[in-house]
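So the chains spell out like this:
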Amino acid sequence: MQNKMFDKTEGYAQKRNPFPVSRCGRRRNTGSPLLKSNEPRKTTKGKGRNFRTVEEGAGMTSKGVAEYKRKNPGSKLKTAVTGKVKAGSKAAKRRKSFCARSKGWTGERGKAARRRWKC
């Protein structure tokens, strides 16, 4: 046999992974508390809301974006480009990119967000 110099292995085995391997070989979080958060879910209603309602155009509020950036340092998340922009400016390019990415959004919130971005 040509490969006698190599030891037979059972393939790569990931060590210290907290999630069990399913029958097909994938790892799935089956209700493990590792990925669950104790924080209340941010909604579109109330005083501390981080998201706009569908009627307001969906998407995150500036307060919501600021909170997200605090929790995720280094994030480049920005609010929607909603005003009039100069052609070729950074804002115009962001809008064009968002509109291209979100072209297939057919849900109620997606359509509202696209209206807010003026797509």
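Structure report, in brief. Only a predicted model underlies this, so the values are computations on that prediction, with no experimental measurement involved. (Residues numbered from 1 in each chain as written. Predicted model: local features only at pLDDT ≥ 70, side-chain atom pairs only at ≥ 80, totals over all residues. Heavy atoms only, no water.)

## Considering the overall build of the protein
For the record, the criterion: Each helix is a run of DSSP H or I of at least 4 residues and each strand a run of E of at least 2, with the numbering of both proceeding from the N terminus. Each residue is placed in one exposure class: buried if its accessible area under a 1.4 Å probe, protein chains only, is under 20% of its type's maximum, exposed if it is over 50%, and partly exposed if it falls in between. Contacts are assigned to residue pairs with any non-hydrogen atoms lying within 4.5 Å of each other. For the accessible areas, the method is Shrake-Rupley and the probe is 1.4 Å, while residue cover comes only from the protein chains on display.
Scanning the protein from terminus to terminus reveals 3 helices and 0 strands. Ordered by position from N to C terminus, the α and β elements of the protein give α-α-α. Burial statistics for the protein: of 119 residues in total, 19% are counted as buried. Looking at the protein alone, contacts between residues at least 24 apart form 26% of all its contacts between residues at least 6 apart. On the protein, roughly 10400 Å² of surface is accessible, and the fraction owed to carbon and sulfur atoms is 53%.

## Here's the deal with helix H1 (residues 62–71)
Count 3.6 residues to each turn of an α-helix, and residues three or four apart come out pointing the same way. Condition: The arc in question is the one spanned by the directions pointing from the helix axis to the C-beta atoms.
Every buried residue of H1 is accounted for by Gly 64, Val 65 and Glu 67. Each buried residue of H1 lies within a common arc of 165° when the element is viewed along its axis, so the set occupies one face. Along H1, exposed side chains directed more than 90 degrees from the buried face belong to Ser 62 and Arg 70.

## With respect to the nonpolar core
Applicable threshold: Among buried residues, the Ala, Val, Leu, Ile, Met, Phe, Trp, Tyr and Cys ones that are joined through side-chain atoms within 4.5 Å form a nonpolar core.
Grouped together as the largest cluster of nonpolar side chains are 7 residues: Val 54, Ala 58, Val 81, Phe 98, Ala 112, Ala 113 and Trp 117. Look past the residues within four positions of Phe 98 in its chain and what remains in contact with it is Trp 105, Ala 113, Arg 114, Trp 117 and Cys 119.

## Description of a positive patch on the surface
This is how it is decided: Any residue with relative accessible area above 30% and no salt bridge may belong to a patch, with like charges joined within 9 Å and the nonpolar Val, Leu, Ile, Met, Phe, Trp and Tyr side chains within 5 Å. Definition used for salt bridges: Asp or Glu carboxyl oxygen within 4 Å of a side-chain nitrogen of Lys or Arg. His is not counted here, nor are the chain ends, while Lys and Arg score as positive and Asp and Glu score as negative. For charged residues, the charge sits on one atom: NZ in Lys, CZ in Arg, CG in Asp, CD in Glu.
On the surface, Lys 69, Lys 76, Lys 78, Lys 90 and Lys 93 cluster together to form a positively charged patch. In this structure, Lys 93 sits in helix H2 (residues 90–101).

## Notes on unusual backbone geometry
Phi is mostly negative for residues that are not glycine, and the peptide bonds are mostly trans. The phi dihedral of Ala 58 is positive, around 55°, even though this residue is not glycine. Mapped onto the secondary structure, Ala 58 falls in the segment before H1.

## Side note on the packing of aromatic side chains
For any pair of aromatic rings, geometry is given as the distance between the ring centres together with the angle between the planes. Note the following rule: Whether two aromatic rings pair depends on their centres lying within 6.5 Å, for rings of Phe, Tyr and Trp, where Trp uses its six-membered ring; planes under 30 degrees apart make the pair stacked, over 60 edge-to-face, and the rest tilted.
With the rule as written, the count across this model stands at 2 aromatic pairs. An angle of 85° between the planes, with centres 5.4 Å apart, marks the rings of Phe 98 and Trp 105 as edge-to-face. Measuring from centroid to centroid gives 4.1 Å for Phe 98 and Trp 117, while their planes differ by 15°, and the two rings are stacked. With Phe 98 in helix H2 and Trp 117 in the segment after helix H3 (108–116), this pair connects stretches of sequence that are 19 residues apart. For Phe 98, a relative accessible area of 8% gives the class buried. The class of Trp 117 is buried, set by a relative accessible area of 10%. Put simply, the rings of Phe 98, Trp 105 and Trp 117 touch in pairs and so form one group of aromatic residues.

That is the geometry; function is a separate question.
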